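Topology and contacts: notes
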Amino acid sequence: MCLAIPGKIESVNLQYDDTVRMAKVSFGGITKEASLEMLPDAHVGDYVLVHVGVAISKVNEQEANKTFDYLEEIGDLGELEDVDEYLPKKEGR
Amino acid sequence: MKYMKEYRDPQLAKKYLDEIKRTVTQDWTIMEVCGGQTHSLVKNGIIEMLPEQITMIHGPGCPVCVTPLNLIDKAIHLALDKNVILCSFGDMLRVPGSRMNLLEAKAKGADIRVLYSPLEAVKIAEENPEQDVVFFAVGFETTAPANALSVIHAHRKGLSNYSILASHVLVPPAMKAVINDEENQIDGFLAAGHVCTIMGNAEYYPLSEQHGVPIVVTGFEPLDVLQGILMVLRQLEADKTGVENQYSRIVKEEGNTEAQKMIFEVFEVKDQMWRGIGEIPDSGFALKDKYQAFDATKKYNVEIEEAPEHPDCISGQIMKGIKKPYECSQFGKKCKPTNPLGAPMVSSEGACAAYYHFSGLAEK
Ligand code: SF4
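The numbers attached to residues start from 1 for each chain and follow its sequence in the written order. Here every chain gets a letter starting at A, and every ligand a number starting at 1, in the order they are written. Local features in this predicted model are restricted to residues whose pLDDT is 70 or higher, and side-chain atom pairs enter the listing and the counts only when it is 80 or higher, whereas totals over whole chains, interfaces and linings include all residues. Side-chain descriptors were evaluated using all non-hydrogen atoms of the structure, hydrogens and water having been removed beforehand.

**Brief notes about unusual backbone geometry**
Residue and element names in this part refer to chain B. Condition: To qualify as a helix, a DSSP run of H or I must reach at least 4 residues; to qualify as a strand, a run of E must reach at least 2; elements of each kind are numbered from the N terminus. Buried means the residue's accessible area, taken with a 1.4 Å probe over protein chains only, is under 20% of the maximum for its type, while exposed means over 50%, and partly exposed covers the values in between.
Positive phi values are uncommon outside glycine, yet Asp239 reaches one of about 55 degrees. Within the element layout of this structure, Asp239 appears in the loop between α12 (222-237) and β9 (243-245). Classification of Asp239 as exposed rests on a relative accessible area of 72%. Of note, Asn301 is a non-glycine position whose phi angle comes to about 45 degrees, a positive value. Positionally, Asn301 belongs in the loop between α14 (296-300) and α15 (315-319).

Written as structure tokens, this is what we have:
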């Protein structure tokens, strides 16, 4: 029940007598509505984490690479010479 | 942008496992707090792949599992005996109450609706002015803003037929209770990433310092949990304790301050009963006086006698990480996801259900 999944904001509209910003968020094919009330600075094109119909966080693009860079950063510990072949392609970094 | 499937890359997972093996020199016990992480660890076979020096124990992090039995009985009572449309998240439906579960109440004619979001419950209340709508608002800090928001919306619209049956549980006080339990030996924690998304990391610094345990705020994909384990391990092996954030693509140090505002507009902290564990001080949310009219327990004032748990169910020890599901005499025998005796067998984030589905330990 604590599932929260990231998706991309496709459009934003106003509801509840224009007091509430709602977004259409696409999760790889499925589109669902999510409230943007907790993310005033989220806009079309942003990736957001959605939980029970509410967007709770923007995915931070710079930070998103850290999991892939972490092993390289601590690479001085061991022989990680072939780490590159396991890393996803670097485009978009 | 990398946002989901990239964190499931098996090759990179192997790199992480190799690095974990290279780093470990002695026995360590690490608790993952959140049921979503338990699910990920068991489902992806990570537990078996870790070096044997590392023991993962599974924490109390499943709100469905810790919602008090008495509150489930209350929800069933409201749905059956009052003119109430009871709305709930799907995974509450098969959690055993003392006489029946919500699904069985539905079969007996109760109007019980499974919703994806509490905001839908407000719409239902608006569309059915002649009926009362109660939302069964369970959840951790992650879910509290959405539940609070439903109350704010209902308040704004002046709806008098909407209320919530709240069972909110807070994670850091539970971590403290688990550390202080003498039967437990925990060397380090993976903290629940989505809880921190809302509340930030501040509460973990004193916890880490006072108890001398590394705490790493961790996500849910296989690479997230592996990186989290490696980060805890590196601290342990270097004899350090501190708070680190593995899940920085989602979790900001200060959390989501808008969401916090929403929560504390509606709720205040109170002591809370955890099913299987008992009362933990300051570990829940109650509606503030201003929003009392939306509190289902006050509105209906139902007193329901406390009922005992199934005598064979050791869910309390499971949720405190003292025992593993397969150590329960009923695991996979009388207790199965189709016929759960205790809550951890119900939700896919409950430790018993995760082991049942994925570990191959249960005879199906
Ligand atoms: S296997 Fe079933 S009976 Fe045993 S602890 Fe888990 S939920 Fe309770």
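**Considering the site of the ligand**
Inclusion rule: Definition of nearness: a residue and a molecule or strand are near each other if at least one heavy atom of the residue lies within 4 Å of the molecule or strand. Gly falls in the polar group here, along with every residue not listed as nonpolar (Ala, Val, Leu, Ile, Met, Phe, Trp, Tyr, Cys, Pro) or charged (Asp, Glu, Lys, Arg).
The full set of residues close to the ligand is Cys313, Ile314, Ser315, Ile318, Cys328, Phe331, Cys335, Leu341, Gly342, Pro344, Met345 and Cys352 of chain B. The residue inventory of the shell around the ligand, partitioned by class, reads 10 nonpolar, two polar and no charged.

**Details of the domain arrangement of chain B**
Accessible area lost on assembly of the parts is the figure often given for the size of an interface. Residues and elements named next belong to chain B. Basically, it comes down to this: For each domain, the first and last residues come from an automatic or database assignment. Contact criterion: two residues are considered in contact whenever any of their non-hydrogen atoms come within 4.5 Å of each other. The term buried area denotes the loss of accessible surface (1.4 Å probe radius) that occurs when two parts are joined, taken as the sum for both partners. Any carboxyl oxygen of Asp or Glu within 4 Å of a side-chain nitrogen of Lys or Arg constitutes a salt bridge here. Any N or O atom pair separated by 3.5 Å or less is treated as a polar contact, with the protein-specific requirement of one donor-capable and one acceptor-capable atom, and with residues adjacent in sequence counted only for side-chain atom pairs.
As far as domains go, chain B holds domain 1 (1-312) and domain 2 (315-358). Computed from C-alpha atoms alone, the centre-to-centre distance between domain 1 and domain 2 is 17 Å. Tallying the contact residues gives 31 residues for domain 1 and 28 residues for domain 2. A combined buried area of about 2,400 Å² lies between domain 1 and domain 2, and 63% of that area is made up of carbon and sulfur atoms. The largest share of the area that domain 1 buries against domain 2 comes from His58, Cys65 and Arg94, three residues that together contribute 21% of it. Linking domain 1 with domain 2 are one salt bridge. The partner of Asp181 in a salt bridge is Lys320, and the shortest N-O contact between them spans 3.5 Å. Along the contact surface separating domain 1 from domain 2 lie six residue pairs in polar contact (both at pLDDT 80 or more). Of all the elements in the fold, those that place two or more residues in the side of domain 1 that touches domain 2 are α2 (35-43), β2 (54-61) and α4 (63-66). Grouping the amino acids of the side of domain 1 that touches domain 2 by side-chain chemistry returns 14 nonpolar, 10 polar and seven charged.

**A few points about helix α16 (residues 351-358) of chain B**
Side chains of residues three or four places apart in an α-helix project in the same direction, reflecting 3.6 residues per turn. Burial runs high along α16 of chain B: six of the eight residues are buried. Turning to α16 of chain B, its buried residues are Ala351, Cys352, Ala353, Ala354, Tyr355 and Tyr356 of chain B.

**Things to note about the sheet that holds strand β1 (residues 28-34) of chain B**
In a beta sheet, neighbouring strands pair by backbone hydrogen bonds and run either parallel or antiparallel. Residues and elements named next belong to chain B. Rule in force here: Two strands are counted as paired when DSSP detects at least two bridges linking them. Axis definition: a line fitted to C-alpha atoms, over the contacting stretch in the case of helices. Angles run 0 to 180 degrees between N-to-C directions.
Strand order in the open sheet formed by five strands is β2-β1-β7-β8-β9, with parallel pairing between adjacent strands. Strands with a single pairing partner mark the edges of an open sheet, and in this sheet they are β2 and β9. Within the sheet, the average angular offset between the axes of one strand and its neighbour, ignoring direction, is 20 degrees. Where strand β8 (residues 215-218) lies against β9, three bridges are found, and the strand directions are parallel. Bridge pairing links Ile215 to Val243 in β9. Sitting on the sheet, α2 touches β1, β2, β7 (188-192) and β8, and the angle it makes with β1 is about 120 degrees.

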